[in-house]
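# Understanding the architecture of this molecule
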Amino acid sequence: MAEKSSIFDMIGPVMIGPSSSHTAGVVRIARAAIRILGATPTEAVITFYNSFARTYEGHGSDRAIIAGLLDFKTDDLRIKESFDHARERGLKYTFKSVGNASTMHPNTIKLNLTAADGRQAEVIGQSRGGGVISIVEVDGFPSNFSANLHTLIIDADDVKGSIAFIANVIAHDDCNIATMNVSRKGRHDLARQFIEMDSGMRPITLEYLRQLSWVKNVIYIPNIDL
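The rules we used
Just so you know, the residues in each chain are numbered from 1, in the order the chain's sequence is written. Given that this is a predicted model, residues contribute local features only at a pLDDT of at least 70 and side-chain atom pairs are listed and counted only at 80 or more, while totals for whole chains, interfaces and linings are drawn from all residues. The side-chain figures draw on all heavy atoms in the structure; neither hydrogens nor water molecules are used. UniProt positions are given in the numbering used here, feature names are shortened, and annotations may be inferred rather than shown by experiment. Between Lys or Arg on one side and Asp or Glu on the other, a salt bridge is scored when a side-chain nitrogen of the former is within 4 Å of a carboxyl oxygen of the latter. By definition, any uninterrupted DSSP run of H or I lasting at least four residues is a helix, any uninterrupted run of E lasting at least two residues is a strand, and each is numbered from the N terminus. Note on classification: 1.4 Å probe, protein chains only; a residue is buried when its accessible area is under 20% of the maximum for its type, exposed when over 50%, partly exposed between these limits. Note on contacts: a residue pair qualifies if any of its non-hydrogen atoms lie within 4.5 Å across the two residues. Convention adopted: a line fitted to C-alpha atoms gives each axis, helices being fitted over their contacting stretch, and angles between N-to-C directions are expressed from 0 to 180 degrees. Orientation is classified from the angle alone, with under 35 degrees giving roughly parallel, over 145 giving roughly antiparallel, 65 to 115 giving roughly perpendicular, and any other angle giving oblique. Handedness of a crossing follows from how the near helix is turned relative to the far one, being left-handed for an anticlockwise turn of less than a right angle and right-handed for a clockwise one. Think of it as three bins: nonpolar holds Ala, Val, Leu, Ile, Met, Phe, Trp, Tyr, Cys and Pro, charged holds Asp, Glu, Lys and Arg, and polar takes everything else, Gly as well.

In the annotation of an unreviewed UniProt entry, the entry for the protein reads L-serine dehydratase, and the organism field reads Rufibacter radiotolerans. UniProt annotates the protein under Sequence similarities (unreviewed entry) with the comment "Belongs to the iron-sulfur dependent L-serine dehydratase family." Regarding the protein, the relevant UniProt record gives this comment under Catalytic activity (unreviewed entry): "L-serine = pyruvate + NH4(+)".

Structure representation (structure tokens):
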């Protein structure tokens, strides 16, 4: 399958800050992460890896990640004062850095997020340049989606035919699957599907999936740039 591209690959994003990798991409990683969490977090532990670990303060990645956690877009003028806005909204955050993680992409961020109701999510994202990102891991499950498309994340029992069944439901909603990544903890254990689609899903279809006895959780993330 050919590698996906977006308008960011051609002209770059409209953004606040000195670098699309260090600001726009970072904002987008955080905006994807809060949609995975399903809420604005009240606490965040943010780990910068490799080149990000050495430059996140000077290049404004620290302000950018907090702005994204507050759901500011890449061109939002409030990015520069995101620390002040976080304090006003009661978001507590901690920055960590790991300068030599040889197995990770140079511009990698890990977010450990907690919501007011106790929900938690761990999201690892990569900023690829030009505002393009890849969410490579969610709660320990390998993923690899861009958030440029509409994304469906499904936790389900590892039952025979489940992948084909869900793909058929999506097709009946007139949605075309662009990418699919499936991983599981073990045979007949919990499996997680990451499905990117060219168009959005209807609420009634999402509700149908949630009512299936073998489906444990459904997260739907519309294109974060819309």
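Our focus in this paragraph is the pattern of salt bridges. Across all of its chains, the model carries 11 salt bridges by this definition. Of the charged contacts in the structure, one is a salt bridge between R87 and D84, with a shortest N-O distance of 2.6 Å. Pair noted here: R87 and D84 are both in helix 5 (residues 82-89), with a separation of 3 residues, about one helical turn. R87 gets classed as exposed once you look at its relative accessible area, which sits at 59%. R192 is paired through a salt bridge with D155; the nearest N and O atoms lie 2.5 Å apart. Of this pair, R192 sits in strand 9 (residues 190-197) while D155 sits in strand 7 (residues 150-157); the two residues are 37 residues apart in sequence, bridging distant segments of the chain. Each member of the pair, R192 as well as D155, is classed as buried.

Further remarks concern the environment of E43. Along the chain, the position of E43 falls in strand 1 (residues 43-50). Separated by 48 residues in sequence, E43 and L91 have C-alpha atoms that sit 5.7 Å apart. Not counting the four nearest positions on each side in its chain, E43 is found in contact with L91, K92, N112, L113 and T114.

Glancing now at the packing of helix 4 (residues 61-69) against helix 5. Direction vectors running N to C along helix 4 and helix 5 enclose 40°, while the axes themselves pass 8 Å from each other. Considering their axes alone, helix 4 and helix 5 lie oblique with respect to each other. Read as a crossing pair, helix 4 and helix 5 show a hand that is left-handed. Across from D62, R63, I66 and A67 in helix 4, the residues of helix 5 making contact are S82, F83 and A86. Looking at side-chain class alone, the contact of helix 4 with helix 5 contains 4 nonpolar, 1 polar and 2 charged residues.

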